[in-house]
2 protein chains.
Amino acid sequence: VPAAVWAVVVAGGSGSRFGRPKQFHVLAGRPVVEWAVTAARSVAEGVVLVLPDTRGDVSFGADVVVAGGPTRSSSVRLGLGAVPDAAEIVVVHDAARPLASEALFRAVVAPLLDDPTVTGVVCALPVADTLKRVARGAASVVETVDRSELVAVQTPQAFRLEALRAAHATGADATDDAALVEAGGGTVRVVPGERGNVKLTTPDDLVLLERLAPGER
Amino acid sequence: VPAAVWAVVVAGGSGSRFGRPKQFHVLAGRPVVEWAVTAARSVAEGVVLVLPDTRGDVSFGADVVVAGGPTRSSSVRLGLGAVPDAAEIVVVHDAARPLASEALFRAVVAPLLDDPTVTGVVCALPVADTLKRVARGAASVVETVDRSELVAVQTPQAFRLEALRAAHATGADATDDAALVEAGGGTVRVVPGERGNVKLTTPDDLVLLERLAPGER
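The notes below deal with the structure included here. Small disclaimer: the values here were computed from a predicted structure and weren't measured.

### Quick word on the environment of Ala135 of chain A
Residues and elements named next belong to chain A.
Okay, step 1: Following the sequence through the fold, Ala135 ends up in the loop between strand E8 (130-134) and strand E9 (141-145).
Okay, step 2: Along the primary structure Ala135 and Leu104 are separated by 31 residues, whereas in three dimensions their C-alpha atoms are 35 Å apart.
Okay, step 3: Beyond its immediate sequence surroundings of up to four residues, Ala135 is in contact with Ser140 and Val142.

Following this line, the structure appears as structure tokens:
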């Protein structure tokens, strides 16, 4: 019997950097959150969608909709609570990345199916740009950072359900689920991410995403 | 009299990560290097183009073409040698970023015109992705990096010509000119970069750039 995979798509943000909840913006004819749910479904038996509120009957194609919490971690925790215990693997994905491909979802799940010593899998790209440290609130460079061993992590990220629940049970807050699993001693693999898997953060990103969305030209 | 601005566009790479010299790929009807020279010209009286070899008569719109060296730093040094001494400000730009806008070129030059205490200006974006350290050659995460004070630097970068020449006179090698200026004690300002100012590194990036190039849809 193949391992049961579920997905948690997190769209809990209130859009403070965006002006309005970015996850509901319509991108090439579909709400951003629906793009994310559709891609997650390609590898998952079921999809839990975490929304800022449950918004009446609108599920965007998810099987279960739950209301999120005040932080990303709390929203993921609430989503994990709705995943059936029979699931073995859970894929966590930010709704703000609508263009993650189905192939990318398969790529993060595969190492967990193949290797029992793997606790989690993230997708990431090499850091192509020079990184500099700028003091908070300042406008000048403090130092240039060695980027040779750094990667920029995206979602989707896949985990053994039990391990991710245990990591979140500590109540710790993190912008990234894998960081919690690493803190618990888990082994997190890295597979290649996608350049087109852009995170919708500011209105400018929408222009980029509109150009990248399939079927737009 | 306004300060004289020149530009050095560096296209010295041999394309080892790309398979062939990426700077000559035709993007939306024009070679990548020509996009870069055209944008640089918008703020500069003259443009020095550094090529792997001088390629006969092809200048891609630059005023001066010089042959590059074995490293990026050596190529920039050779380009700086061809900038007239009368220039006060030099803008350095990687040809592998064909879609940097004219507005971005103006933005990196402006602080040097306005504030005599500024030695250099880079453009950069906040680091939107979680960063993780992966040991060289390994496939698992070592640690998650605090990104709160980090920015991802792009080109164009602008400098006082004298300061950049002095920084390069040390013969030090760096992937980034501002790092040399910082090492020499210069004050480097940071202005906002552009999400569309993508660096052409791998063939996949070309797909992204083709979609982003103006006039393509």
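### Observations concerning the side chain of Ser74 of chain B
Okay, step 1: Along the chain, the position of Ser74 of chain B falls in helix H2 (residues 72-81).
Okay, step 2: Judged by its relative accessible area of 13%, Ser74 of chain B is buried.

### Regarding the packing of H2 of chain B against helix H4 (residues 161-169) of chain B
Residue and element names in this part refer to chain B.
Okay, step 1: The interhelical angle for the contact between H2 and H4, taken along N-to-C directions, is 135°, at an axis separation of 10 Å. When the interaxial angle is binned, H2 and H4 end up oblique. As H2 runs across H4, the sense of the crossing is left-handed. Each of Ser73, Val76, Arg77 and Leu80 in H2 lies in contact with H4, whose residues at this interface are Leu161, Leu164, Arg165 and His168.
Okay, step 2: Taken together, the residues that form the contact of H2 with H4 break down as 4 nonpolar, 2 polar and 2 charged.

### Things to note about the relation of the copies chain A and chain B
Okay, step 1: Of the two same-sequence chains, chain A is brought onto chain B (RMSD 0.0 Å, axial shift 0.0 Å) by a rotation of 180°. Given the turn and translation reported, the copies of this chain are related as if by a two-fold rotation axis.
Okay, step 2: Looking at chain A, 100% of its interface residues are interface residues in chain B too, so the copies touch through the same face.

Definitions and limits used
- Residues numbered from 1 in each chain as written.
- Chains lettered and ligands numbered in written order.
- Predicted model: local features only at pLDDT ≥ 70, side-chain atom pairs only at ≥ 80, totals over all residues.
- Heavy atoms only, no water.
- Helix = DSSP H or I, 4+ residues; strand = E, 2+ residues; numbered from the N terminus.
- Contact = heavy atoms within 4.5 Å.
- Buried < 20%, exposed > 50% of the residue type's maximum accessible area, 1.4 Å probe, protein only.
- Axes fitted to C-alpha atoms, helices over the stretch in contact; angles between N-to-C directions.
- Parallel < 35°, antiparallel > 145°, perpendicular 65-115°, else oblique.
- Left-handed = near helix turned anticlockwise from the far one by under 90°.
- Nonpolar A, V, L, I, M, F, W, Y, C, P; charged D, E, K, R; others polar.
- Least-squares fit on C-alpha atoms with pLDDT ≥ 70 in both.

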